[in-house]
Amino acid sequence: MKAFIKDIELYISSFFISITVIIVIVNVLLRYLFAIGVPWAVEMATICFIWSIFVGASSCYKKKMHIGIDLVTRTMPPKVEKAIGVLVNLIMLVLTGSLFYLSIVLTYNAVGKPTNVMGISSAYVNSSLIVGFGMMTIHTIGFLIEDYKMYFKKNFTNGLDSK
Amino acid sequence: GAEDEAPADVADEKVEDFSIKIQLSHVFSPKDQLSIEMANAADIIRERTDGAVDIQVFDSGQLPVYKEGLEQVVRGANFISVEDPSYVGDYVPDFVALIGPMLYETYEEYAAMMETALVAELKERAAEEGIKILTLEVMFGFRNMITDKEIVTPEDMEGMLIRVPNSQLWIETLGAMGATATPLPWNEAVPALRQKVVHGIEGSATTMLHHKIYEMLGHVSMTKHFLGTAGVYINTDVFYSMPEKYQKIVQEEFVAAARRNNEILIANNEDVVNQLKEKGVKFNEVDADAFRARTSVVFETFEGLTPGIYDRIMGELKIIRGN
Amino acid sequence: MAWLPAITVFLLYFSSIPIAFALIAASLVFFAFINVGMPVDLILQRFVTSATSFPLLAIPFFIMAGSIMNYSGISSRLMKMAEVMAGHLVGGLAQVNVVLSTLMGGVSGSANADAAMQSKILVPEMEKRGFSRPFAAAITAASSAIAPVIPPGITLIIYSLIANVSLGKLFIGGYVPGLIMAVCLMIAVSIVSKRRGYKPTREKRATFREIMTQLKESAWALFLPFGIIAGLRFGMFTPTEAGAMAVLFGVLVGFFVYKELSWKHFPQILKETVQGTSTVMLIIIAASVFGLYLTWERIPHIIASSLLDLTQNRILMLMLINALLLVAGMFLEGGAALIILAPLLVPVAYGLGIDLVHFGLILIVNIMIGGVTPPFGSMMFTTCTICDVKIADFIKEVWPFIIALLVALMIVTYWPALILFLPNLLM
Ligand code: NA
Ligand code: NA
């Protein structure tokens, strides 16, 4: 159960991407075998895709899987490297926090606007941003707490690697 | 009209200081007539205002377009959006009815409709939502069925997969006309046709010529189910923040640009049809009344339309046709 | 002020902030403080609109298909096929390594995935048979550059969207450059192996019978690329849907033909798909947001016209672009480099009348070579990390292969007729 909660974003994201794949496969088969068109299929597949991206991006952020390089910072003296690491997490806190806030504003403004095909509220799509960036903000706070703890443990090794 | 809501005159010395930079965004490619006319309008406005109103034109969807473009306008960015009026329909749904299926038979009818009190009222409602409509008069020609067989009645379309843009209006309309609407983005439409994933598209003769659709499909059934149009939109507050004489210039020049576009459209249309005929494309008339009987349901089922809007539009059309 | 966001990206990136976040942060700086004519939350709208595109779905589909291939027994059969084809050559398993990347290229699309898989499977085996580990890592990294060039490939999909060229043409156009890279690498392997005395793994060339037997066993695996091309060319689905069909194909073959795939593999397949997709998509989205800033300031236009002012000579310009991309590929992962640079360079190529399908293939080959090259090549990191090889030792072994890949790049760049023959014939 604890493992499930820990990887909850991964499960949510996997769920949405599965829906996307299944919808597209079924849509092709229906069309090719029975000449049946499902007008909402593409839009539904795309909305699930978007949810999968932002929730999945948060899961990858937690596991530091987003593509970057730490080689420049690694060549620096350990103290400088640590300081940059903390600074980076502070910048990320401002960034993810701002994105979280802005996605709330955006979603609030999107409530009355219909999607192209199904005509459902765009808020169902945009709220994926709130979830994704909200989780990322929480993870950034977690990283900063780790930084803080390690600072007081003194012998903190590089916990800020980004792969 | 909306002009009455303008704030008090800006004093002349303030006019001297005023300057504004506005991004104009549309999705058309640089060679399209509309692109040329939009760039012309921006140049003339810059000249007539001594550079005070500097409109920078971005084509091909480099900046936000479609819903995202309208959103820029509504939210008050220094932005001009050039889009199909159905996008205004997200804010004032009756704009969808104005360009709904099987309404206009000629370009003149549409132009005359734009002069009616009904449209003036709609424009005012849009202005209240933050969309100042500079013109609605840009036209691209009628959209017809482009398939590989002759279509005369709705029954002929049964079971046909027709590519439509990702739009509820299109899906409902083509569905009502008897086809199976298949929404696909345009860049997948041509491969889909080539591979017979869909049996046809709906669009203008110009589209058929420019994208070489005639290599795959040989029949145009002239349903005229939509008249392709576009409007030019700016934020209401941004518009009225300009000195009155600049407002007048901007308004005039976009109307003029739309009219130049339409003149060239009408002049070219016959030529386009002839070129297609030379390539072996066959054109046929359809039973328009049969289609109209089917598509009128769209005006009832489409979400958010004012009850009775269809009758009002048809009433105006009757007056226009009476003249 | 107009260039401040661009500088911000570099600063953040080199302080180890992931590229996607560096791009987003810089764009936020621009729209919050420099260009204030637009409500800031609207750039969040761009996050959604740039991902709301049906063709982009090809990315998760092909990532998932590639992952399924590994669990369904398709990859291991390709491995046996590669050994039958190349095991008898001088350099034995090193040749097999190159051939395997070429065959794997036909079913999956990521160089890093290819490098990771072969670092795990092939490098230990090569070490057992007397190859030095850095050498094995070097040829694994170098040959992984082939996989994304041979269709299907995520970079091919991304480029087709950016440059608005036919994905079908680009897919078919990828075969010849991929094969040229393979041949150049195999020649380099045999030259180095002869000097070092690396032996073949098989005593002699496989007999016709052996080849036929193996071909039969690997037939389903080898069929996939042809199925995709045929499906696209003659008929049944759009390029995006081809990805979904590849998933379906992999699942069916894995369950019913090779019987190696089971439900318990799916959590891992989904995990790989989600992680691969969301990291790439976040970069695509971030680049699109950043692109809004670039367009607003007309920077692509400025760069294109200043490059064109420098020279109007196609050969010189391509040389210039080759050099630029090689450097970019060393600093950025392949997909990211392409996403950021293609929008700036495509107008230049268009201005010089260079065919955009050809140009795309040049870009991709080029960026992939950057991925093998020190100091920051991403496939170099992948293999060195997994194989536990020091970068300095890797560099000593990899240079002949980089030269071989550069020769391939020159052929691809300056022989358009060879590259465009197939796509123009078939599509
Ligand atoms: Na390899
Ligand atoms: Na590939």
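Refer to the structure above for everything that follows.
Some remarks on the packing of helix H13 (residues 266-296) of chain C against helix H16 (residues 334-351) of chain C
The packing of two helices is summarised by the inter-axis angle and the distance between the axes. Residues and elements named next belong to chain C. Between H13 and H16, the shortest axis-to-axis distance is 9 Å and the interhelical angle comes to 25 degrees. Of the possible angle classes, the one that applies to H13 and H16 is roughly parallel. Crossing of H13 against H16: the hand is right-handed. Between H13 and H16, the contacting residues are Val 280, Ile 283, Ile 284, Ala 287 and Leu 294 on the first element and Ala 336, Ile 339 and Leu 344 on the second.

Quick notes on H16 of chain C
Residues separated by three or four positions in an α-helix point in the same direction, a consequence of the helix having 3.6 residues per turn. Residues and elements named next belong to chain C. If you check H16, its first and last C-alpha atoms are 25 Å apart, about what 18 residues at 1.5 Å a residue would give, namely 26 Å. A bend of about 50 degrees at Ala 342 is the largest found in H16, and the proline Pro 343 appears one to four places after it. Of all 18 residues that make up H16, 14 are buried, and the element is covered over most of its length. Just downstream of H16 lies Gly 353, where phi reads positive at about 75 degrees.

Some details on the interface of chain A and chain C
Residue-level contacts link 53 residues of chain A with 52 residues of chain C. Among the residues of chain A in contact with chain C, Phe 49, Ile 67 and Ile 69 of chain A are the three that bury the most area, contributing 15% of the side total. In this assembly, chain A and chain C are joined by one salt bridge. The salt bridge involving Arg 31 of chain A is made with Glu 241 of chain C; its shortest N-O contact spans 2.7 Å. At the level of secondary structure, the elements contributing two or more residues to the side of chain A that touches chain C comprise helix H2 (8-34), helix H3 (41-62), helix H4 (71-74), helix H5 (78-110) and helix H6 (123-153) of chain A. Residue contributions to the side of chain A that touches chain C peak at 13 residues, all from H2 of chain A. When grouped by side-chain class, the residues that make up the side of chain A that touches chain C number 35 nonpolar, 15 polar and three charged.

As for a nonpolar patch on the surface
Residue and element names in this part refer to chain C. On the surface, Trp 220, Phe 223, Phe 226, Leu 252, Phe 256 and Val 257 cluster together into a nonpolar patch covering about 630 Å² of accessible area. Positionally, Phe 226 belongs in helix H11 (residues 208-235). Look at Phe 226 and you get exposed, because its relative accessible area is 59%.

Some details on the pairing of strand S6 (residues 180-183) of chain B
Residues and elements named next belong to chain B. Residues Thr 180 and Thr 182 of S6 are buried on one face, and the alternating residues Ala 181 and Pro 183, pointing to the opposite face, are buried as well. As paired elements, strand S5 (residues 161-164) and S6 share four bridges and run parallel to each other. Within S6, the position partnered with Ile 162 by the bridge is Ala 181. Taking the sense of rotation as the criterion, the β-α-β connection linking S5, helix H7 (residues 168-176) and S6 turns out right-handed.

Focus on the side chain of Arg 163 of chain B
Residue and element names in this part refer to chain B. With respect to the helices and strands, Arg 163 occurs in strand S5. Although Arg 163 lies buried, it forms no salt bridge, and the closest oppositely charged side chain, Glu 202, sits 5.2 Å away as judged by the N-O distance. Among the polar contacts listed, one links the side chain of Arg 163 to the backbone oxygen of Leu 184, at a separation of 2.9 Å. Each residue touching Arg 163, except ones within four places of it in the same chain, is listed here: Thr 182, Leu 184, Pro 185, Trp 186, Ala 189, Val 198, Gly 200, Ile 201 and Glu 202.

Quick notes on the interface of chain B and chain A
With 14 residues of chain B at the contact, the number on the chain A side is 14 residues. Contact between chain B and chain A buries roughly 1,400 Å² in total, counting both sides, with carbon and sulfur atoms accounting for 56%. On the surface where chain B and chain A come into contact, there are one salt bridge. Two residues, Lys 113 of chain A and Glu 71 of chain B, come together in a salt bridge whose shortest N-O distance is 2.8 Å.

Cut-offs used in this document
- Residues numbered from 1 in each chain as written.
- Chains lettered and ligands numbered in written order.
- Predicted model: local features only at pLDDT ≥ 70, side-chain atom pairs only at ≥ 80, totals over all residues.
- Heavy atoms only, no water.
- Axes fitted to C-alpha atoms, helices over the stretch in contact; angles between N-to-C directions.
- Helix = DSSP H or I, 4+ residues; strand = E, 2+ residues; numbered from the N terminus.
- Parallel < 35°, antiparallel > 145°, perpendicular 65-115°, else oblique.
- Left-handed = near helix turned anticlockwise from the far one by under 90°.
- Contact = heavy atoms within 4.5 Å.
- Expected span 1.5 Å × (residues − 1).
- Bend = angle between axes of the 7 residues up to and from the residue.
- Buried < 20%, exposed > 50% of the residue type's maximum accessible area, 1.4 Å probe, protein only.
- Buried area = accessible area lost by both parts, 1.4 Å probe.
- Salt bridge = Lys/Arg side-chain N within 4 Å of Asp/Glu carboxyl O.
- Nonpolar A, V, L, I, M, F, W, Y, C, P; charged D, E, K, R; others polar.
- Patch = residues over 30% accessible without salt bridge, like charges linked within 9 Å, V, L, I, M, F, W, Y side chains within 5 Å.
- Areas by Shrake-Rupley, 256 points an atom, 1.4 Å probe, with all protein chains shown as cover.
- Pairing = 2+ DSSP bridges.
- Right-handed = clockwise from strand over helix to strand, strands pointing away.
- Lys, Arg positive; Asp, Glu negative; His and termini not counted.
- Polar contact = N/O pair within 3.5 Å; in protein donor to acceptor, adjacent residues only side chain to side chain.

Spatial relationships are all this shows, so hold off on functional conclusions.
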